[in-house]
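Chain by chain, the residues run as shown.
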Amino acid sequence: MNALTRDTNAWRLIGSIDDIPSQGARCVENGETKIAVFRTADDRIFALEDKCPHKNGPLSQGIVHGGCVTCPLHNWVISLETGAATGADDGRTASFPVRLDGRDIYLNLESNLQQGA
Amino acid sequence: MSKQRLVIIGNGMAPGRLLEHLFEAAPDAYDVTIFNAEPRVNYDRIMLSPVLSGEKTFEDIIIHGDDWYAERGITLHRGEKVTGIDRAARVVTGASGITAAYDKLVIATGSSPFIIPVPGHKLPGVLAYRDLDDVDGMLRAANRGGRAVVIGGGLLGLEAAAGLKSRGMEVTVLHLMPTLMERQLDPAAGYLLQKELESRGIEVRCGANTKMILGDSEVEGVELEDGTVIDASLVVMAVGIRPSVDLARDAGLDVGRGIQTDLAMCTSDPDIFSVGECAEVDGRVYGLVAPLYQMAKVAAGHLAGVSEAAFAHAETPTKLKVTGINLYSVGDFGDGPDREDVVLRDAARGSYRRVILQGNRVIGAVLYGDVADGMWYNELLKSGEDVSDIRDTLIFGQAHQGGGMAADPLAAVANLSDDAEICGCNGICKGKIVQAINDKGLTSLAEVRAHTKASASCGTCTGLVESVMALTLGDTFSKKAEGMCGCTDLGHGEVRRLIKAQGLKSIPAVMQELEWKSSHGCAKCRPALNYYLLSDWPGEYKDDQQSRFINERVHANIQKDGTYSVVPRMWGGMTSSDELRAIADVVDKFAIPDVKVTGGQRIDLLGVKKEDLPAVWADLNAAGLVSGHAYAKGLRTVKTCVGSTWCRFGTQDSTGLGIKLEKFLWGSWTPAKVKLAVTGCPRNCAEATCKDIGVICVDSGYEIVYGGAAGLHIQGTTKLGTVKTEEEVIEVAAAMTQMYREQGFYLERIYKWAERVGYDTVKAAILDDTGSRRAYYERFVFSQQFAQTDPWSERVSGVDKHEFKPLAVFGEEAAPATAKVEPAE
């Protein structure tokens, strides 16, 4: 943990992959910002701001399938990797870097958008 | 020219086809009268197996409905068995005394199943497998459960066994010979087939000789010659058929194994023809549909006076209509000194193929597993061409011929000659389909079926017909994909059928076996599959929470701002001061912004934060309030009026009945939401006539209506019927809900389902046939034991805790020291 936090202030241990159901999500609260952390069927982990680019629907409540999540409000399908809406819809949600160390999940609280990605 | 009188005895597939040809060639030549011993119209007998397995309904397999006969002025005597033919007077007489004079007569009495005359063969519960009555008998037996013994491991017997298995019975097949289907398969393929059936839970005993059928008043078991006793509640004999020739013999016609005809299908009396399984032409009798259709065509040509065609024997390929089992055999595959075999086995894939050559010509082929090349071998067999040039690669199939040809099914079809047979049942070759498409401008599969009959019988050649269409029409032909989503081309109906037929019990199993195109499905198919599996395998399938829409996962309704609404159940719309007080307290304690009375006579608490849900439920639970399932594809509400308890017009206790219904039906998952109402008199204050199921109390009992809707689509209900007691109302409502659960497509409301399957079908199964109603009812009751748990109290006591708590919370200033990490739960 110490070694990690020295790298950058923004990396946090948020829990274990076993805390998130396969093809599910859980939230991390960072002040006012809610970050949805997703686990896919093949145990990849992604983090997006918990707001659909359409009408701010809570993406963490959607159905996770393949590398996407379907928003529970109006069925927009958002790519977990990029945060971008797929298909005919247009919009992008902020995504956050995550990495797995064994079964521990580390989340970088600074979004890719803020980093200019 | 005045019309001649044509009388037809029998209304099976051969005479049905004969009439089609006759009316096409000479529509005004005859006044037609048909005597049918079965009390129904003409149907596709070879599709009885899909009816048995539940893959099709009887309506799906009707060839000619009532309109067809009416339009052609045909007199059809149903349920009228002909008892005599007076050839001198040219008159036939039916069992009830109906007579009909003829100028020309067609005998198409078909065949009767052979029943082995062992002791006990007349006991109730011993059936043949021949007509719809037999299928109905088997379905009734299947509803009672238990073990079925099928005697006979040929085509029909194995189809019956697979059908009964898919209907939930234990099944044992007894076969006298050492391997299954020995007339169509060699021992190696028979062995693969047996292994496949055994892996599906069907017990197969070859070399089994039945000694007697046991039981006093009904079937209880079967005893074999070796002394083995097998318990059974149903015995199906499928050991062969006998041409029905009694009528012809009594009339003095020449009879051998069948009714003997010349190559024009004319019997020893020049005015009497015979077609179908009863006819013996050139010393042979037939049981497969293709030669029977050929007989029909030949006879029709002669009757119409337009052709002098002669019947010609051809080898007919055999296929087994059991979903997921592919086998194909054609021609002669016995061993012989001048014969050579080429064999290819792939044990891992359970695939086997064998081509039998004589003098460098193909005389037979047996394929198991991958059967796509069967048609090509059949073509080589029919053409009789010398295959020595391609002998080295013959066994690998058509795709490996001519070097560069890719293993592309379209290319394989493109390389077929114009006289290659595509549809074996109807004898339709490729050239004929191409010609029909071009001449008549056909663009859809349905049109091609209507005009050519290709793939209109057993349907196994549908893919080939589509390939021919794609080749002929080019880009303008797009195979209509009516898949349930982008992950599959299979529709909801096919998926539901295959889940049952193949015994698929998990979402990954469905996706694997039905060849899903995506790795893990999508938000459209996963909730549907989860529902189908839950409904089809109660108690066995474990609900997949991650495949449920959020409302059903957290048992509340998500709102536009991400908060939830909470609706406690109020049985029949009744509440009390205690309940109202508890609700008021919850509203205050959790600062719930809005409280609203719903259209379904419930109270809705709007704007509850997700993390508060378990605590809100705990308080409501404490006052006896449980989840109202206002979020569920399941029973929502039973709306009632006050009925005879208070109302001066009330005829029955509508409130009490509504509460009973709600207590009986709650918790069950259905394809879409289900709303009920019970109203105490026809004034209909509870608005029962726009509900999925409504009950209207009248003095004499309870009128039950269903299929109403009042949402995007507004539709009044359809009357089901009237019953006398509350118990009957509950049984009918539960049975209908179960029928809908088993047949409905995900998100399809009851009115849509009823329109699709037919209101008459629903009424027949739920109201008219009390046995069928009882069976649905009992399956509903069985499934309810796994469903009636209050999801709120489960979650109050800790289920799915992860849903309601954040994984981690960090403060405003992102410093590690202030981070509060919640470890795993």
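Just so it is clear, the model here is predicted, and its values are computed rather than measured. (Residues numbered from 1 in each chain as written. Chains lettered and ligands numbered in written order. Predicted model: local features only at pLDDT ≥ 70, side-chain atom pairs only at ≥ 80, totals over all residues. Heavy atoms only, no water.)

> Hey, could you run me through the overall build of chain A in this one?
Across its full length, chain A holds one helix and 10 strands. For chain A, the succession of helices and strands along the chain, N to C, is α-β-β-β-β-β-β-β-β-β-β. With 117 residues in all, chain A has 55% of them scored as buried. Taking as baseline every contact in chain A between residues at least 6 positions apart, the subset at least 24 positions apart corresponds to 37%. (Helix = DSSP H or I, 4+ residues; strand = E, 2+ residues; numbered from the N terminus. Buried < 20%, exposed > 50% of the residue type's maximum accessible area, 1.4 Å probe, protein only. Contact = heavy atoms within 4.5 Å.)

> Is there a simple way to think about the UniProt feature "binding site: siroheme" (unreviewed entry) in chain B in this case?
All names here are of chain B. Under the UniProt annotation, the feature "binding site: siroheme" (unreviewed entry) is placed at C685. On the accessibility criterion, C685 (60% relative accessible area) is exposed. Contacts of C685, omitting those with residues within four sequence positions, involve C641 and T679. (UniProt positions renumbered as here; feature names shortened; annotations may be inferred.)

> Can you help me understand the sheet that holds strand β11 (residues 126-128) of chain B in this one?
Sheet strands pair via backbone hydrogen bonds, and the direction of the pair is either parallel or antiparallel. All names here are of chain B. Here five strands make up an open sheet; going across it, the order is β11-β18-β12-β13-β14 and the pairing parallel. Of all strands in the sheet, those with a lone pairing partner are β11 and β14 (202-206), marking the two edges. Recorded for the sheet is a direction-independent mean angle of 20 degrees between the axes of neighbouring strands. Of the strand pairs in this sheet, strand β12 (residues 147-151) and strand β13 (residues 170-175) are connected by five bridges, and their pairing is parallel. Each bridged residue has a counterpart across the sheet, and for V150 the counterpart in β13 is V173. Contacts from helix α4 (residues 132-144) reach β11 and β18 (234-237) within the one sheet, and its direction differs from that of β11 by about 140 degrees. (Pairing = 2+ DSSP bridges. Axes fitted to C-alpha atoms, helices over the stretch in contact; angles between N-to-C directions.)

> How should unusual backbone geometry be read in this particular structure?
Most peptide bonds are trans, and most residues other than glycine sit at a negative phi. Residues and elements named next belong to chain B. With phi around 60 degrees, E687 is a residue other than glycine that occupies positive phi space. Locating E687 in the fold gives a position in the loop between β36 (674-679) and β37 (693-698). Owing to a relative accessible area of 39%, E687 belongs among the partly exposed residues under this scheme. Even without a glycine there, the phi angle at L747 is positive, about 75 degrees. Judged by its relative accessible area of 54%, L747 falls in the exposed class.

> For this particular structure, what's the right way to read the UniProt feature "binding site: [4Fe-4S] cluster" (unreviewed entry) in chain B?
Residues and elements named next belong to chain B. Look at the UniProt record and you will see "binding site: [4Fe-4S] cluster" (unreviewed entry) annotated at C641, C647, C681 and C685. Across 45 residues, the annotated set stays spatially compact, with a maximum C-alpha separation of 10.8 Å. Position of C641 relative to the elements: it lies in the loop between β35 (635-640) and α21 (643-646). Of the residues examined, C641 reaches a relative accessible area of 16% and is grouped as buried. Take C647: it is sitting in the loop between α21 and α22 (654-665). For C647, a relative accessible area of 31% corresponds to the partly exposed category.

> Is there a simple way to think about the pattern of salt bridges in this case?
Proximity of charged atoms lets side chains of opposite charge pair with each other. Residue and element names in this part refer to chain B. As enumerated under the stated definition, the model contains 48 salt bridges over all chains in all. Across the salt bridge formed by R90 and D271, the nearest N and O atoms sit 2.3 Å from each other. With R90 in the loop between β6 (82-86) and β7 (91-94) and D271 in the loop between β20 (259-261) and β21 (272-274), this residue pair connects regions lying 181 residues apart in the sequence. Among the residues examined, R90 registers a relative accessible area of 31% and is labelled partly exposed. Each member of the salt-bridge network shares a partner with another, and the members are R147, E170, E203 and R205. (Salt bridge = Lys/Arg side-chain N within 4 Å of Asp/Glu carboxyl O.)

> Looking at this model, I keep getting lost on the pairing of strand β1 (residues 11-16) of chain A. Mind explaining?
Two faces belong to every sheet, and in a regular strand the side chains alternate between them. Residue and element names in this part refer to chain A. Most of β1 is tucked away, with five of its six residues classed as buried. Both β1 and strand β10 (residues 104-108) contribute to a ladder of five bridges, which runs antiparallel. Among the inter-strand pairings, W11 is bridged to a residue of β10, identified as N108.

> What should I look at first to understand the packing of helix α1 (residues 13-25) of chain B against helix α8 (residues 289-304) of chain B in this one?
To describe two helices that pack against each other, one gives the angle between their axes and the distance between the axes. Residue and element names in this part refer to chain B. With their axes 8 Å apart at the nearest point, α1 and α8 run at an angle of 35 degrees to one another. Handedness of the crossing formed by α1 with α8: right-handed. Residues M13, A14, R17, L18, H21, L22 and A25 of α1 form the contact with α8, whose participating residues are V289, L292, Y293, A296, K297, A299, A300, L303 and A304. Across the contact of α1 with α8, the residue classes break down as 13 nonpolar, one polar and two charged. (Left-handed = near helix turned anticlockwise from the far one by under 90°. Nonpolar A, V, L, I, M, F, W, Y, C, P; charged D, E, K, R; others polar.)

> Mind showing me how you'd approach the interface of chain B and chain A here?
Where interface size is quoted, it is often the accessible area lost as the parts come together. Counting residues at the interface gives 36 residues for chain B and 31 residues for chain A. Roughly 2800 Å² of surface becomes buried between chain B and chain A when both sides are summed, with 57% attributable to carbon and sulfur atoms. When the buried area of chain B at its contact with chain A is split by residue, B:Q546, B:L807 and B:F810 rank highest and sum to 26% of it. There are zero salt bridges connecting chain B and chain A. Linking chain B to chain A there are 14 residue pairs in polar contact (both at pLDDT 80 or more). Among the secondary structure elements, those contributing two or more residues to the side of chain B that touches chain A are α17 (525-536), α18 (550-554) and β42 (808-810) of chain B. Top contributing element to the side of chain B that touches chain A by residue count: β42(B), with three residues. (Buried area = accessible area lost by both parts, 1.4 Å probe. Polar contact = N/O pair within 3.5 Å; in protein donor to acceptor, adjacent residues only side chain to side chain.)

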